[in-house]
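Here's the letter readout for the chains.
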Amino acid sequence: MPWDDGLNDKQKDAIDSETRNVAVVAGPGTGKTKTLLRKAVQLVETEAATARQIRIANFTNAGVFDLRAKILDEDEYRDLDPKSVTTFHSLALACLLAARSSLIPQPLLVLDDWEERTFVDRFAKLRLGMRTVTDARKMREDYNSRWCIAQEDVGDWLSNRDRAAYEGVYNEARDLLGFTTRGELTFLWWRFLAGQPGASHEAMAFPWTHLLVDEYQDLNECEHEILQHLSTAGVEIFAVGDPNQAIYTGMRHAHPEFCWTFPTRVEPGVVEVLDQSYRCPKRVLEFGAALFSPPEGVPDPDFSPEDGEAHILAYPSADGEVSGSGRIVARLLQTDPEARVLIAVADKRLARGFVRELAENDLVVDDRTSKPHEGPEECRLAKALLDILREPEDSVAIATAIVLSCAPSTRDQRVVQLLEVARERSERIAALYRSEQPLPRHLETARQLVRSALGTLQTADQILRTLSELTGCEMIGDDVEEARDEISRRLTQEKQLQRGAVTIMTLHASKGMEAEYVLLPALEPGVLERDYVGAAREERRRLLYVGITRALRGLFLSYANQRAGPLRHSNPIGNSLRSGPSVFVQEVCLRTRYSAEVAGQFLERFLAE
């Protein structure tokens with residue numbers, strides 16, 4: 001299939017631009033991923049590059065697995081190499097290794113989200129006397145923002161007493177577990193490139209000449225400077241993103257405005273805009289577009305699909321909103337039993353009422369707000385055992401295997417106990433595991449279970465089948481490395497929404513999802529904007545935009561004129577939250593000339609149809 005087959009004119013212009021570096025601003029449903037991958041196809045087809053000379057970078061493992069799956073499953077991408085898709089931090093590591101840089105941290109163990117939450121956050125909570133693990137997580141996220149800053153001297157940043165205290169405990173955890181972080185790898189790559197001014201990519205031993213960047217709006221300052229250095233070294237940059245979906249400006253210190261200023265940062269560069277949506281209905285896109293004023297010279301979006309509906313509903317109370325939403329969902333699934341319905345909430349504490357209401361209506365409910373996606377436990381144990389077989393000094397894998405071999409109800413306690421024993425004995429977890437010195441009773445039992453499992457695997461004729469029997473994790477294929485990659489995919493990739501069911505998740509978690517019908521409740525100042533100001537407040541605006549643009553067929557925004565209960569402490573007036581719609585919802589009404597509907601009247605009409 002020719003690279004331009006089935007593309008619209010703007011997609012073709014972006015891919016075939018005469019300017020060496022291109023940033024593509026692409027709204028929801030405009031073919032962002034197709035344009036990215038077709039660019040890679042075009043490079044191979046026109047012999048501008050081989051598949052091995054192309055790298056496609058995403059920021060999450062889940063995003064990487066999604067792109068690899070497209071390359072494997074769709075014939076139009078058959079000339080591409082799925083392994084060319086990688087995370088930004090993995091690319092950083094590969095480049096440091098290729099250049100044999102002295103900056104490479106040792107040992108090379110990178111924690112995933114589960115490992116950070118399980119080991120680092122619980123250890124920090126204990127050592128710093130924090131009230132909750134959530135407090136420790138927030139401190140970790142703040143500390144990791146240090147790697148987003150493209151500068152060597154961060155003395156001012158560390159002058160904060162809490163950060164300095166956390167750094168000490170964090171380094172203790174690193175000594176015990178022997179890990180590095182994803183952000184640090186990227187920072188070290190920036191440091192390496194900054195120390196090689198004027199060097200070509202050949203001189204730095206990079207085996208690729210083209211870098212394609214997905215989710216460009218989520219780049220931080222350090223990553224942007226990396227692109228500048230790579231371009232100077234002769235690497236061609238092709239980036240796609242949607243600045244209106246930049247919802248990690250706080251956590252990752254992203255700069256969505258860089259999408260528009262790309263030509264001033266990566267020279268020579270140009271910005272191309274995709275504005276024709278093929279996914280969301282016209283009214284849904286109108287609601288989303290009303291939240292922003294496009295930059296000067298950028299055309300308004302081209303709304304393609306006409307079918308679909310969007311409503312803004314005003315309920316008298318929070319209880320009425322929960323009840324009314326339940327009736328709407330029941331009717332939607334009665335009319336279309338195969339539909340996917342998504343309820344995305346600005347605060348996960350709102351989920352409980354909806355779960356209860358939907359269950360009472362005998363609807364299938366998938367509540368994803370109760371805990372982060374962690375993947376099947378048996379897969380995590382299987383991966384830990386494979387990692388130990390591959391690298392016996394992998395302290396993180398050893399700690400994971402020991403903790404998962406303990407009784408589920410005691411694991412939080414065992415994590416802290418294991419790290420405290422290692423700290424008291426001044427030993428890394430791998431040394432603690434090898435030692436013959438006894439551990440506390442429950443940890444000793446778990447250590448013996450892990451040793452027994454590894455002994456069985458080391459003498460097994462068929463490792464994967466034996467591993468499946470030991471852990472209950474289903475294995476696919478016969479190759480150990482491929483099986484490990486598949487296990488990693490299951491652990492990191494959020495499952496898609498179930499048909500004929502209602503999925504409840506946070507607005508943040510809904511990014512990348514899509515559903516026939518989307519409900520966004522509690523769009524009130526005290527819940528959506530809360531006390532955010534400045535850049536943080538604008539991120540809440542973009543968060544609402546993300547939720548709106550998940551809808552494929554129908555969208556229901558709603559708010560309550562009075563709210564009490566779990567959120568009454570936010571912006572309290574008496575014992576209830578400030579009434580009325582969010583300022584963002586008011587802007588949607590003003591710019592689309594759409595008036596909020598009285599929920600009772602709407603329900604009477606909707607249920608009678």
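Residues numbered from 1 in each chain as written. Predicted model: local features only at pLDDT ≥ 70, side-chain atom pairs only at ≥ 80, totals over all residues. Heavy atoms only, no water.

Enquirer: Even after reading the chapter, I still don't get the nonpolar core, so can you show me in this structure?
Expert: Soluble globular proteins: nonpolar side chains tend toward being buried together. Of all hydrophobic cores here, the largest spans 64 residues; its most connected members are Leu520 and Leu555. Residues Trp114, Val120, Leu419 and Leu457 belong to the second largest nonpolar core, which totals 56 residues. (Core = buried A, V, L, I, M, F, W, Y, C linked by side-chain atoms within 4.5 Å. Buried < 20%, exposed > 50% of the residue type's maximum accessible area, 1.4 Å probe, protein only.)

Enquirer: Teacher, can you tell me more about the sheet that holds strand β4 (residues 210-213) here?
Expert: Backbone hydrogen bonds are what pair the strands of a sheet, in a parallel or an antiparallel way. Taken in spatial order, the six strands line up as β3-β2-β4-β5-β1-β6 in an open sheet, and their pairing is parallel. Taken across any chain shown, the strands that pair with only one partner, and hence form the sheet edges, are β3 (85-87) and β6 (269-274). Between one strand axis and the next, the sheet turns through 20 degrees on average, direction left out of account. In this sheet, β6 lies alongside strand β1 (residues 21-26) in parallel orientation, the contact comprising six bridges. Across the sheet, the residue bridging to Val22 is Val270, located in β6. Sheet strands touched by helix α3 (residues 61-73): β2 (54-58) and β3. Its angle to β3, the strand with the most contacts, is close to 180 degrees. (Pairing = 2+ DSSP bridges. Helix = DSSP H or I, 4+ residues; strand = E, 2+ residues; numbered from the N terminus. Axes fitted to C-alpha atoms, helices over the stretch in contact; angles between N-to-C directions. Contact = heavy atoms within 4.5 Å.)

Enquirer: It is not clear to me how the side chain of Thr86 should be interpreted in this structure. Could you clarify?
Expert: In this structure, Thr86 sits in strand β3. Residues in contact with Thr86, not counting those within four places in the same chain, are Ile56, Ala57, Asn58, Val64 and Leu91.

Enquirer: Before we go on, may I ask you to explain the environment of Val64 in this structure?
Expert: Structurally, the position occupied by Val64 is in helix α3. Classification of Val64 by relative accessible area gives buried; the value is 4%.

Enquirer: Help me understand the side chain of Asp394, please; the structure alone is not making it clear to me.
Expert: By secondary structure assignment, the location of Asp394 is in the loop between α15 (377-390) and α16 (395-404). Buried and without a salt bridge, Asp394 has Arg484 as its closest oppositely charged side chain, separated by 6.3 Å. Here Val396 takes part through its backbone nitrogen, which lies 3.2 Å from a polar atom of the side chain of Asp394. (Lys, Arg positive; Asp, Glu negative; His and termini not counted. Salt bridge = Lys/Arg side-chain N within 4 Å of Asp/Glu carboxyl O. Polar contact = N/O pair within 3.5 Å; in protein donor to acceptor, adjacent residues only side chain to side chain.)

Enquirer: What is the right way to read helix α6 (residues 133-144) from this model?
Expert: Because each turn of an α-helix spans 3.6 residues, side chains separated by three or four positions end up pointing in the same direction. Given a rise of 1.5 Å per residue, 12 residues ought to cover 16 Å, and the 16 Å separating the end C-alpha atoms of α6 matches this to within 8%. Those residues of α6 not exposed but buried are Ala136, Met139, Arg140, Tyr143 and Asn144. Axial view of α6: buried residues confined to an arc of 130 degrees, hence all on one face. (Expected span 1.5 Å × (residues − 1). Arc of directions from axis to C-beta.)

Enquirer: Teacher, can you tell me more about the packing of aromatic side chains here?
Expert: Both the distance between ring centres and the angle between the ring planes are used here to describe each pair of aromatic rings. The final tally for this structure, using the stated rule, is 15 aromatic pairs. Between Phe287 and Tyr594 the ring centres are 5.4 Å apart and the planes differ by 70 degrees, which places this aromatic pair in the edge-to-face class. Placement of Phe287 in helix α12 (residues 282-289) and of Tyr594 in the loop between α24 (583-592) and β17 (597-598) is noted, with a sequence separation of 307 residues between them. Under the relative-accessibility criterion, Phe287 is labelled buried at 0%. Ring-pair connections join several aromatic residues into one group, and the members of that group are Tyr143, Tyr166, Tyr170 and Phe179. A cation over a ring is seen here: Arg146 above Phe187, with NZ or CZ 4.5 Å from the ring centre. Taking NZ or CZ as reference, Arg265 lies 3.6 Å from the ring centre of Phe258, over its face. (Phe/Tyr/Trp six-rings, centres within 6.5 Å; stacked < 30°, edge-to-face > 60°. Lys NZ or Arg CZ within 6 Å of the ring centre and 35° of its normal.)

Enquirer: How should the environment of Cys473 be read in this particular structure?
Expert: Residue position: Cys473 is located in the loop between α20 (463-471) and α21 (480-492). Those residues in contact with Cys473 that lie beyond four places of it in its chain are Glu378, Cys379, Ala382, Ser468, Ile487 and Arg490.

Enquirer: Help me understand the packing of helix α5 (residues 113-128) against α16 in this model?
Expert: Angle between the axes and distance between the axes: these two values describe a pair of packed helices. The N-to-C vectors of α5 and α16 enclose an angle of 70 degrees; their axes lie 11 Å apart at closest approach. Considering their axes alone, α5 and α16 lie roughly perpendicular with respect to each other. When α5 is examined against α16, the residues Trp114, Glu115 and Phe119 are found in contact with a partner set consisting of Val396, Ala399, Thr400, Val403 and Leu404. The class makeup of the residues in the contact of α5 with α16 is six nonpolar, one polar and one charged. (Parallel < 35°, antiparallel > 145°, perpendicular 65-115°, else oblique. Nonpolar A, V, L, I, M, F, W, Y, C, P; charged D, E, K, R; others polar.)

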